[in-house]
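Each chain, letter by letter, is given below.
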Amino acid sequence: MTTIFHKIIQREIPADIVFEDDHIIAFRDIAPQAPVHVLFVPKQDFATLNDVPADAPEIVGRLAIAAARYAKERGFAEDGYRIVMNCNAHGGQTVFQIHLHLLAGAQLGRFGTPAA
Ligand code: 5GP
């Protein structure tokens, strides 16, 4: 399935790209939920975390390691940050190409409570 994130990878629509290599791309979220809000997206096609094969943990691992590296390079790793991957309806997923949210730059509130 083609998503808005595939179009960003293909440069069909613009994004504020902060990192890219052969496997992943990272760009700023269009509607930031924290002072720093970057999305880390694999270039391989997986709609949700449920679709990542058990024998391919590197797909997800690369996203987390890239997020941590970004945090260290930008100087907020010690203060801290949050990484989140939403899955399907109850998780609040809206774009069906897996992606890791990196949120940072302020004290973040609690999360995980049911939506009002
Ligand atoms: P999800 O809700 O699927 O976990 O996260 C999708 C995220 O993608 C949302 O935080 C949303 O703001 C972001 N987003 C949606 N469309 C675009 C877009 O066209 N460009 C960028 N940079 N982010 C987008």
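Residues numbered from 1 in each chain as written. Predicted model: local features only at pLDDT ≥ 70, side-chain atom pairs only at ≥ 80, totals over all residues. Heavy atoms only, no water.

1. A closer look at the sheet that holds strand β4 (residues 81-84)
The strand order β1-β2-β3-β5-β4 describes an open sheet built from five strands, whose pairing is antiparallel. Each edge of the sheet is formed by a strand with only one pairing partner; in this case those strands are β1 (17-20) and β4. Taking each pair of neighbouring strands and ignoring which way they run, the sheet shows an average axis angle of 20 degrees. Where strand β3 (residues 36-42) and strand β5 (residues 100-104) come together, five bridges link them in antiparallel fashion. (Pairing = 2+ DSSP bridges. Helix = DSSP H or I, 4+ residues; strand = E, 2+ residues; numbered from the N terminus. Axes fitted to C-alpha atoms, helices over the stretch in contact; angles between N-to-C directions.)

2. Remarks on helix α2 (residues 58-74)
Taking 1.5 Å as the rise per residue, α2 with 17 residues should run 24 Å; its terminal C-alpha atoms sit 24 Å apart, in good agreement. Among the residues making up α2, those that are buried are Ile59, Leu63, Ala66, Ala67, Ala68, Tyr70 and Ala71. Buried-residue contacts for α2 involve β1, β2 (24-28), β3, β4 and β5. Of the residues one or two after α2, glycine 75 is the one with positive phi, at around 85 degrees. (Expected span 1.5 Å × (residues − 1). Buried < 20%, exposed > 50% of the residue type's maximum accessible area, 1.4 Å probe, protein only. Contact = heavy atoms within 4.5 Å.)

3. Some words on the environment of valine 95
Mapped onto the secondary structure, valine 95 falls in the loop between α3 (88-91) and β5. For the pair valine 95 and aspartate 22, spaced 73 residues apart in sequence, the C-alpha separation works out to 21 Å. Setting aside anything within four residues of it in sequence, one finds valine 95 in contact with Thr3, Ile4 and Phe5.

4. Some points on the environment of glutamine 107
Mapped onto the elements of the fold, glutamine 107 is located in the segment after β5. Spatially, the C-alpha atoms of glutamine 107 and tyrosine 81 are 8.6 Å apart, while their sequence positions differ by 26 residues.

5. Some remarks on the site of the ligand
As a structural note, the neighbourhood of the ligand is formed by 16 residues, with Arg28, Asp29, Asn86, Thr94 and His101 the closest of them. In this structure, glycine 92 approaches the ligand through a main-chain N or O atom, which is 3.1 Å from an oxygen atom. Within the backbone of threonine 94, one N or O atom sits 2.7 Å away from an oxygen atom of the ligand. Relative to its free-state accessible area of 520 Å², the ligand is covered by the protein chains to the extent of 83%. Taken together, the elements giving at least two residues each to the shell around the ligand come down to α1 (4-9) and β2. Among the elements that take part in the shell around the ligand, α1 stands out by supplying three residues, more than any other. Here the residues of the shell around the ligand are counted per class, giving eight nonpolar, six polar and two charged. (Near = heavy atom within 4 Å. Polar contact = N/O pair within 3.5 Å; in protein donor to acceptor, adjacent residues only side chain to side chain. Areas by Shrake-Rupley, 256 points an atom, 1.4 Å probe, with all protein chains shown as cover. Nonpolar A, V, L, I, M, F, W, Y, C, P; charged D, E, K, R; others polar.)

6. Focus on the side chain of histidine 99
In this structure, histidine 99 sits in the loop between α3 and β5. A polar side-chain atom of histidine 99 sits 2.7 Å from the main-chain carbonyl oxygen of glutamine 97. Setting aside residues no more than four positions away along its own chain, histidine 99 makes contact with Phe5, Leu39, Phe40, Val41, Val84 and Met85.

7. Observations regarding unusual backbone geometry
We note that arginine 11 has phi near 65 degrees; this positive angle belongs to a residue other than glycine. Tracing the sequence through the fold places arginine 11 in the loop between α1 and β1. Assessed through its relative accessible area of 48%, arginine 11 is described here as partly exposed. A positive phi angle, close to 60 degrees, is found at asparagine 88, a residue other than glycine. By secondary structure assignment, the location of asparagine 88 is in helix α3. Judged by its relative accessible area of 31%, asparagine 88 falls in the partly exposed class.

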